[in-house]
2 protein chains.
Amino acid sequence: MTMLAISPLTAAAFAPFGDVLQVQAAPSVMINRGNCARYSDLAGLDFSDGRAGISVFHAKPYRSPLLLDMMERHPQGSQAFIPMSDDPFLVIVAPDNDGKPGLPQVFETDGLQGVNYHRNVWHGVLTPIRGNGLFTVVDRIGSGSNLEEHWLDSAYQILF
Amino acid sequence: MTMLAISPLTAAAFAPFGDVLQVQAAPSVMINRGNCARYSDLAGLDFSDGRAGISVFHAKPYRSPLLLDMMERHPQGSQAFIPMSDDPFLVIVAPDNDGKPGLPQVFETDGLQGVNYHRNVWHGVLTPIRGNGLFTVVDRIGSGSNLEEHWLDSAYQILF
C-alpha cells in the first residue's frame, strides 16, 4: 500500500486548498486597550445559495496507521474546522483530477491552527489524532445535496 | 466596589444573550462512518448588511481581581468566540436598560464551550483567565460603525 508522508501545515503549502486560521505576522488591529490582537477575515467563505452556520463536531481520535480510502468535497460551500483544544490534527487534501481526487497531501497542524477548505476542494474526513476531538465548524446551512464522496481505487496508509 | 459572582455557563442561563456552542444532548447526525457526532447550526447569526468572516483573536489572560468598567455591543452583528484550547474563560453580559447595560452577569465556561453573542447584546471584552488566549471569532465583516462602548458609572470587581 502506498504510504503518504506528513508535512507541517503552512499557509503557503495549503493555499491551493484553503486557508490556515492562525496568528499572522502582524495584527489587523490591537483592541481591548492593547490586550488583544485581532487578525481579521482570514477565510475565503462561500456558501452559494445557503447561509453560514456554526456547528460543533465531536470526533474520536484516530490511531496510526490511518487508512485513507475515501475523500469528499462540498460543491456548495466552504467548510472551516476550528479545534477547541490545542492538540494537533491531520489535514488531508487533494487537487482535483478530472472530477476525482489526485495525489493526496497530508498536513499536521501545530496545535494552534484551524483550517478552512475552499468550496469543492477534495479533503479527508475530520482527523483528530489525540485530545478531546472537539471542533467548531463553520459551513453552509442550506437545502440540496452538498456532499460528494469518492472511494479511492487504491487506499493509502498514513503513519503518525 | 460591588462584587459580581461567577456562575457556570449554561445554555438556559445564557439564552437571553446568545448561544452556547457545545455538544448537545443528541447529535443532529452521525457522520464519518460513525466516528463523528455533528451538532448542527447552533448559533443565531446576523450580520445585517455585512457578511460572515472568520478572524483569530489572541488575548493575554487576565488576572484576578478583574475590574469591569466598560461594556460594549455590536449594533450590526452577532459575534461568536470559539476557544482554541480547552481552558475556561469568563463571559460577561448584561441586559439592555434604556440604551445602557443593566446589571452584568458573569459566567465561566467549562473549557469545552464557545459562545455566540446575539446582535446588539451588551458584553465585556474577551476575557481568558488562563491558557494560550487564542480564539477564533465569527463576526460581521462590513463597512460602517459596529461598536458601541459604554463606560460604567461604577465599576464592578470580579474575583476568580
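Sequence order as written defines the numbering, with residues in each chain counted from 1. Chain letters start at A and ligand numbers start at 1, both assigned in the order the entries are written. Given that this is a predicted model, residues contribute local features only at a pLDDT of at least 70 and side-chain atom pairs are listed and counted only at 80 or more, while totals for whole chains, interfaces and linings are drawn from all residues. Note: side-chain values were computed over all heavy atoms of the structure, leaving out hydrogens and water.

The name an unreviewed UniProt entry gives chain A is Ureidoglycolate lyase, with Granulosicoccus antarcticus IMCC3135 as the organism. UniProt positions are given in the numbering used here, feature names are shortened, and annotations may be inferred rather than shown by experiment. Under the UniProt heading Catalytic activity (unreviewed entry), the entry covering chain A gives this text: "(S)-ureidoglycolate = urea + glyoxylate". Looking at chain A in UniProt, the text filed under Subunit (unreviewed entry) is "Homodimer."

Draft legend 1. Region of the structure containing the interface of chain A and chain B. With 51 residues of chain A at the contact, the number on the chain B side is 51 residues. When two parts are put together, the accessible area they lose, computed with a 1.4 Å probe and summed over both, is reported as buried area. Both faces considered, chain A and chain B share a buried interface measuring about 3,900 Å² in area, 56% of it formed by carbon and sulfur atoms. One speaks of a salt bridge when a side-chain nitrogen belonging to Lys or Arg is within 4 Å of a carboxyl oxygen belonging to Asp or Glu. Between chain A and chain B we count 6 salt bridges in total. A salt bridge links Arg 51 of chain B to Asp 41 of chain A, with the shortest nitrogen-to-oxygen separation between them at 2.6 Å. Pairs of N or O atoms within 3.5 Å make up the polar contacts considered here, provided that, within protein, one atom can donate a hydrogen while the other can accept it, and that residues adjacent in sequence are counted only when both atoms are side-chain atoms. The interface formed by chain A and chain B includes 22 residue pairs in polar contact (both at pLDDT 80 or more). Elements supplying a minimum of two residues to the side of chain A that touches chain B: strand S5 (36-39), strand S6 (51-59), strand S7 (66-73), strand S8 (79-83) and strand S16 (134-141) of chain A. Numbering goes from the N terminus for both helices and strands, where a helix is a DSSP run of H or I of at least four residues and a strand is a run of E of at least two. Element by element, the count of residues in the side of chain A that touches chain B is highest for S6 of chain A, at 9 residues. Whether two strands pair comes down to DSSP finding at least two bridges between them. Direction of pairing for S6 of chain A relative to strand S5 (residues 36-39) of chain B: antiparallel, over a ladder of 4 bridges. The residue bridging Ala 59 of chain A from the neighbouring strand is Cys 36 of chain B, located in S5 of chain B. Residue contacts follow a heavy-atom distance rule, with two residues in contact if any of their heavy atoms lie within 4.5 Å.

Draft legend 2. Spatial organisation of the packing of aromatic side chains. Here is the rule: rings of Phe, Tyr and Trp (six-membered ring for Trp) pair when centre to centre is within 6.5 Å. Planes less than 30 degrees apart are stacked, more than 60 are edge-to-face, and the remainder are tilted. Overall, the coordinates contain 12 aromatic pairs over all chains when judged by the stated rule. A ring pair is formed by Phe 89 of chain A and Phe 135 of chain A, whose centres lie 4.9 Å apart and whose planes are at 80°; its orientation type is edge-to-face. Of this pair, Phe 89 of chain A sits in strand S9 (residues 89-94) while Phe 135 of chain A sits in strand S16, and the two are 46 residues apart along the sequence. For Phe 89 of chain A, a relative accessible area of 2% gives the class buried. Burial classification: accessible surface area is computed with a 1.4 Å probe over protein chains only, and a residue below 20% of its type maximum counts as buried, one above 50% as exposed, and the rest as partly exposed. What makes Phe 135 of chain A buried here is its relative accessible area of 3%. Seen from their ring centres, Phe 14 of chain B and Phe 107 of chain B are 6.0 Å apart, and the 90° between their planes marks the pair as edge-to-face. Here Phe 107 of chain B lies in strand S12 (residues 105-108) and Phe 14 of chain B lies in helix H1 (residues 11-14), a separation of 93 residues in the sequence. Take Phe 14 of chain B: its relative accessible area is 0%, and that puts it in the buried class.

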